[in-house]
Amino acid sequence: MNIFENHIPNEKVKCNEPLKNHTFIQIGGKADILVHPTTVEEITKVVEIANSHQLPLTVIGKGSNVIIKDGGIRGVTISLSRFDQIEVSGTRIMAQSGSDIIDVSRAALAHSLTGMEFACGIPGSTGGALYMNAGAYGGQIADVIEKATVITREGNVVVIPREEMKLSYRNSLFKMDHYIILDAEFTLSEGNKEEISSKMKELTFLRESKQPLEYPSCGSVFKRPEGHFAGKLIQDCQLQGTRIGGAEISTKHAGFIVNVDHATAKDYEDLIQFIQKKVWDTFQVELETEVIFLGEY
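Residues numbered from 1 in each chain as written. Predicted model: local features only at pLDDT ≥ 70, side-chain atom pairs only at ≥ 80, totals over all residues. Heavy atoms only, no water.

Asker: Sorry if this is basic, but what is going on with the packing of helix 2 (residues 101-110) against helix 5 (residues 193-210) here?
Answerer: At their nearest, the axes of helix 2 and helix 5 sit 9 Å apart, and the two run at 155° to each other. Accordingly, the angle class assigned to the pair helix 2 and helix 5 is roughly antiparallel. Residue-level contacts link S105, R106, L109 and A110 of helix 2 to K193, I196, S197 and M200 of helix 5. Classifying every residue of the contact of helix 2 with helix 5 by side-chain character gives four nonpolar, two polar and two charged. (Axes fitted to C-alpha atoms, helices over the stretch in contact; angles between N-to-C directions. Helix = DSSP H or I, 4+ residues; strand = E, 2+ residues; numbered from the N terminus. Parallel < 35°, antiparallel > 145°, perpendicular 65-115°, else oblique. Contact = heavy atoms within 4.5 Å. Nonpolar A, V, L, I, M, F, W, Y, C, P; charged D, E, K, R; others polar.)

And the structure:
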């Protein structure tokens, strides 16, 4: 039975949908129900119906920094990947949460706005970037975010200003409270288009030359431990190339685990735990994961 019938168009609702088709890493079990809303009204209705049926609700964006466990996700999963409009007004950019954060940086470039150059190579959605306070090459979302519109799990729409977001390294209010991010508004500065373009090309080159983009991955697996670099610690443990199942520590960048041969989520979890133990035993440094696991085995 489709509990969203007469509320959400049928083509936006899928049952028993393999989530490996909706993540960068291409692994993961099935969602009981996967919904692709494209309007605020549809998102609100999904929350309302899930609540009325007492079903668990999970939200994903582009699936760039998540690992869906092999048993999949029970209840209702909302994918915001089609909720992706971007609007520019003066020095402000409003981006719906399912938009690519890379596309936000490109919109900034098109309007000669500076401040988003750091995001030109960050995979994933705007909502995910805000959720994680994503950053790269000296910049982070906290530097440019102005406010965000969210829906609470009770179905209320709320605007949250930057000063209330509790933004810190790879952390935010959104990881602590169960808000669904609808959109983010960024405040940038007028800049020189050629200089902005040059900076973005430089950062894109650095990313492509250092990261293993030839294989599916979930991006950086670990947070940067204070005083260290996760990739350097893993490299110094001589773990590059180590494989469990189809998951392998990249030989190009030790901070990445790549899917080289139909890896499972269990392969990833086992390899992550192996890395954490080896780094602790060798350097007494605790590696904390940046990637998020969702679902069940």
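Asker: What is the right way to look at the sheet that holds strand 5 (residues 73-79) in this model?
Answerer: To summarise the sheet geometry, strands pair through backbone hydrogen bonds and adopt either a parallel or an antiparallel arrangement. Strand order in the open sheet formed by four strands is 1-2-5-3, with mixed pairing between adjacent strands. The sheet is open, and its two edges are formed by strand 1 (13-18) and strand 3 (57-60), each paired on a single side. Taken over all neighbouring pairs, the strand axes of this sheet differ in orientation by 35° on average, direction set aside. Both strand 1 and strand 2 (residues 30-35) contribute to a ladder of five bridges, which runs antiparallel. Residue pairing across strands places C15 opposite I33, the latter belonging to strand 2. (Pairing = 2+ DSSP bridges.)

Asker: What am I meant to see in the environment of F222 here?
Answerer: Along the chain, F222 turns up in the loop between strand 15 (217-220) and helix 6 (230-236). In this structure, the C-alpha to C-alpha distance between F222 and T289, residues 67 residues apart in sequence, is 4.2 Å. Residues contacting F222, with those up to four places away along its chain left out, are A230, I234, I272, I275, Q276, L287, E288, T289 and E290.

Asker: Is there a simple way to explain the UniProt feature "domain: FAD-binding PCMH-type" (unreviewed entry) in the chain in this structure?
Answerer: Mapped onto this numbering, the UniProt entry annotates "domain: FAD-binding PCMH-type" (unreviewed entry) at residues 27-206. Between the C-alpha atoms that bound residues 27-206 the distance is 27 Å, and the span itself is 27% helix and 32% strand. (UniProt positions renumbered as here; feature names shortened; annotations may be inferred.)

Asker: When you look at the pairing of strand 6 (residues 86-89) in this model, what are you seeing that I'm missing?
Answerer: As a general feature of sheets, a regular strand has side chains that alternate between the two faces. In terms of strand pairing, strand 6 meets strand 7 (residues 92-96) through four bridges, oriented antiparallel. Opposite V88, over in strand 7, you have I93 as the bridge partner. Linkage of strand 6 to strand 7, two consecutive antiparallel strands, is achieved through a turn of two residues, within which G90 is found at a positive phi near 65°.

Asker: Looking at this structure, how should I read the domain arrangement of the chain?
Answerer: It is common to report an interface's size as the accessible area lost on association of the parts. Parsing the chain into structural domains produces domain 1 (10-79), domain 2 (86-208) and domain 3 (212-294). Taken over C-alpha atoms, the centre of domain 1 sits 23 Å from the centre of domain 2. Facing 13 residues of domain 1, the contacting portion of domain 2 comprises 14 residues. Between domain 1 and domain 2 the total buried area reaches about 1,000 Å² when both faces are included, carbon and sulfur atoms providing 67% of it. Per-residue buried area on domain 1 facing domain 2 is highest for I43, V47 and K62; these three make up 38% of the total on that side. (Domains from an automatic or database assignment. Buried area = accessible area lost by both parts, 1.4 Å probe.)

Asker: Please explain the sheet that holds strand 17 (residues 247-249) as it appears in this structure.
Answerer: Spatially, four strands are ordered 15-18-17-16 in an open sheet, and the strand pairing comes out antiparallel. A single partner strand is all that each edge strand has here, and the edge strands are strand 15 and strand 16 (243-244). Alignment of strand 16 against strand 17, held across two bridges, turns out to be antiparallel. Pairing of I244 across the sheet is with A247, part of strand 17.

Asker: When you look at helix 5 in this model, what are you seeing that I'm missing?
Answerer: The periodicity of an α-helix, 3.6 residues per turn, causes residues three or four positions apart to be oriented the same way. For helix 5, spanning 18 residues, the distance from its first C-alpha to its last is 26 Å, which sits close to the expected 26 Å at 1.5 Å a residue. For helix 5, the complete set of buried residues consists of I196, S197, M200, L203 and R207. The arc that holds the buried residues of helix 5, viewed along the axis, is 130°, so those residues lie on one side. Set apart from the buried face of helix 5 by more than 90 degrees, the exposed residues are E194, E195, K201 and F205. With a side-chain oxygen positioned 3.0 Å from the backbone nitrogen of E194, the residue opening helix 5 is N192. (Expected span 1.5 Å × (residues − 1). Buried < 20%, exposed > 50% of the residue type's maximum accessible area, 1.4 Å probe, protein only. Arc of directions from axis to C-beta. Polar contact = N/O pair within 3.5 Å; in protein donor to acceptor, adjacent residues only side chain to side chain.)

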